[in-house]
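# Secondary and tertiary structure notes
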Amino acid sequence: MIEILNPTLLTRAKVTGALVADILQTLKSRCVVGTNLLDVDRWAKAMILDAGAQSCYVDYAPSFGRGPFGHYICTAVNDAVLHGRPYDYTLADGDLLTLDLAVSLDGVAADAAISFLVGDVKPPESVAMIDATERALAAGIAAARPGARIGDLSHAIGTVLSEAGYPINTEFGGHGIGSTMHQDPHVANTGRPGRGYKLRPGLLLALEPWVMADTAELVTDDDGWTLRSATGCRTAHSEHTIAITDDGAEILTLAR
């Protein structure tokens, strides 16, 4: 299903996006050396419920996961990259942490992810990998405008990631979003320009470049959810929800 939102729903989407951005930035500020991932999940739950919003994750049970996700945020550390299920782990200095959050408010969902280094240790290769996903995200957003095609966005994202030297996995990528978290169209993190669905004003997309340092192969944890790099290398992931407008793309999950 591909939804085109009317102006009323677009206004609601902006509110939801702002909430997601605010929660992520608050959590980032709290994720210091010694923070437990289960505390991060509890904090996310409290902020979502206090805002009168609903988690898109806690009851989520797609075919690629094992049963309901059961948590309010995805927390992926170091070699984990997607669908990281919070567990009893204490963050250490230099850990590369990704927080991925999707919530629904007043019938409209928004989705975003940030990767960052915990503490004072900043390995240059990790800094560069995070930067590459952020630059790829910016390139995808810059390509998003009415009349462009999904392949244009995928090509823009993939060009940045490839030029930075990272293998690209196409099993998981960006997606449409609206009344539900995951919708068509799929937005792969590499592709051919001029192909795919033509963008229209009112379309919401979650763009999410993610990479693993030296592989494109994923393995699944015993928890049935957390996806890790097959080689144990570090990973990074950046994501924004955008709205296609008459003038281009508006980022709904931008930190204030």
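Look up: the structure comes first, before these words.
Chains are numbered independently. Their residues run from 1 in the order of the written sequence. The predicted origin of the model limits local features to residues at a pLDDT of at least 70 and limits the giving and counting of side-chain atom pairs to 80 or more, whereas totals for whole chains, interfaces and linings rest on all residues. Values reported for side chains reflect all heavy atoms of the structure, with hydrogen atoms and water molecules removed beforehand.

### Looking at the overall build of the chain
Using the following cut-off: Here a helix means four or more residues in a row that DSSP labels H or I, a strand means two or more in a row labelled E, and each is numbered from the N terminus. We take the radius of gyration over the C-alpha atoms and set the globule estimate at 2.2 Å times the residue count to the 0.38 power. It only takes one pair of heavy atoms within 4.5 Å for two residues to be counted as in contact. Each accessible area is a Shrake-Rupley result for a 1.4 Å probe, and residues are judged covered by the shown protein chains and nothing else.
What the chain contains, in helices and strands, is 4 helices and 14 strands. In summary, the chain has a C-alpha radius of gyration of 17 Å against a globular reference of 18 Å for 256 residues, a match within 12%. Expressed as lengths along the three principal axes of its C-alpha atoms, the size of the chain is roughly 45 × 40 × 35 Å. Residue pairs at least 24 apart in sequence account for 69% of intrachain contacts in the chain once pairs closer than 6 positions are excluded. Carbon and sulfur atoms provide 51% of the accessible area of the chain, an area that totals close to 10,500 Å².

### A look at the nonpolar core
Worth spelling out the cut-off: Note on terminology: a nonpolar core comprises buried Ala, Val, Leu, Ile, Met, Phe, Trp, Tyr and Cys residues joined through side-chain atoms within 4.5 Å. Three labels apply to residues, based on accessible area from a 1.4 Å probe with only protein chains included: buried if under 20% of the type maximum, exposed if over 50%, partly exposed otherwise in between.
Judged by nonpolar contacts, the single largest core of 27 residues is most densely connected at L24, L27, I73, L97, L99 and L101. Going through the elements one at a time, helix 1 (7-30), helix 2 (37-50), strand 4 (96-105) and strand 5 (108-117) are the ones with two or more residues in this core.

### A closer look at the sheet that holds strand 6 (residues 174-176)
The test is simple: Strand pairing is assigned whenever DSSP detects at least two bridges linking the two strands. Comment: axis = line fitted to C-alpha atoms, over the contacting stretch for helices; angle = value between 0 and 180 degrees taken between N-to-C directions.
Pairing within the open sheet is antiparallel, and its 5 strands lie in the order 7-6-8-13-14. Each edge of the open sheet carries a strand with a single partner, namely strand 7 (183-187) and strand 14 (248-251). Strand-to-strand twist across the sheet, computed as the mean angle between neighbouring axes with direction ignored, equals 30 degrees. As judged from the 2 bridges shared by strand 6 and strand 8 (residues 204-207), these two strands associate in the antiparallel manner. Across the sheet, G176 pairs through a bridge with L205, a residue of strand 8. Where helix 4 (residues 150-163) meets the sheet, it contacts strand 7 and strand 8, and its direction lies at approximately 40 degrees from that of strand 7.

### Quick look at the pattern of salt bridges
The criterion, for reference: Criterion for a salt bridge: a side-chain nitrogen of Lys or Arg within 4 Å of a carboxyl oxygen of Asp or Glu.
Following the criterion strictly, the structure yields 6 salt bridges and no others. With a closest N to O distance of 3.7 Å, K14 and E250 form a salt bridge. You can see K14 sitting in helix 1 and its partner E250 sitting in strand 14, a full 236 residues away along the chain. Salt-bridge contacts for R256 lead to D22; the nearest nitrogen and oxygen are separated by 2.0 Å. Remark: D22 occurs in helix 1 and R256 occurs in the segment after strand 14; sequence separation between them is 234 residues. Connected via shared salt-bridge partners are D79, D221 and R228.

### Focus: the pairing of strand 13 (residues 240-245)
Of all 6 residues making up strand 13, 5 are buried, and the element is well covered by its neighbours. Across 4 bridges, strand 8 lies against strand 13 in antiparallel orientation. Counterpart to L207 in the pairing with strand 13 is H240. Inspection of the sheet shows strand 13 paired to strand 14 by 4 bridges, in the antiparallel sense.

### Some details on the state of the cysteines
A covalent bond between the sulfur atoms of two cysteines is referred to as a disulfide. Selection rule: Two cysteine sulfurs form what is called a disulfide whenever their separation falls within 2.5 Å.
With the rule as written, the count across this model stands at 0 disulfides. Left without a disulfide partner, C56 is nearest to the cysteine sulfur of C74, which lies 11 Å away. Residue classification places C56 among the buried positions, given a relative accessible area of 15%. Sulfur of C233: no disulfide; nearest cysteine sulfur belongs to C74 and is 19 Å away.

### Comments concerning the sheet that holds strand 10 (residues 218-220)
With antiparallel pairing, 3 strands are arranged side by side in an open sheet as 3-11-10. Looking at the sheet topology across the chains shown, the edges are occupied by strand 3 (80-82) and strand 10. Looking at each pair of strands side by side, their axes are set apart by 45 degrees on average, direction ignored. As defined by bridge partners, strand 10 adjoins strand 11 (residues 227-229) across 3 bridges and the pair is classed as antiparallel. Each residue of the ladder has a partner; that of V219, found in strand 11, is R228.

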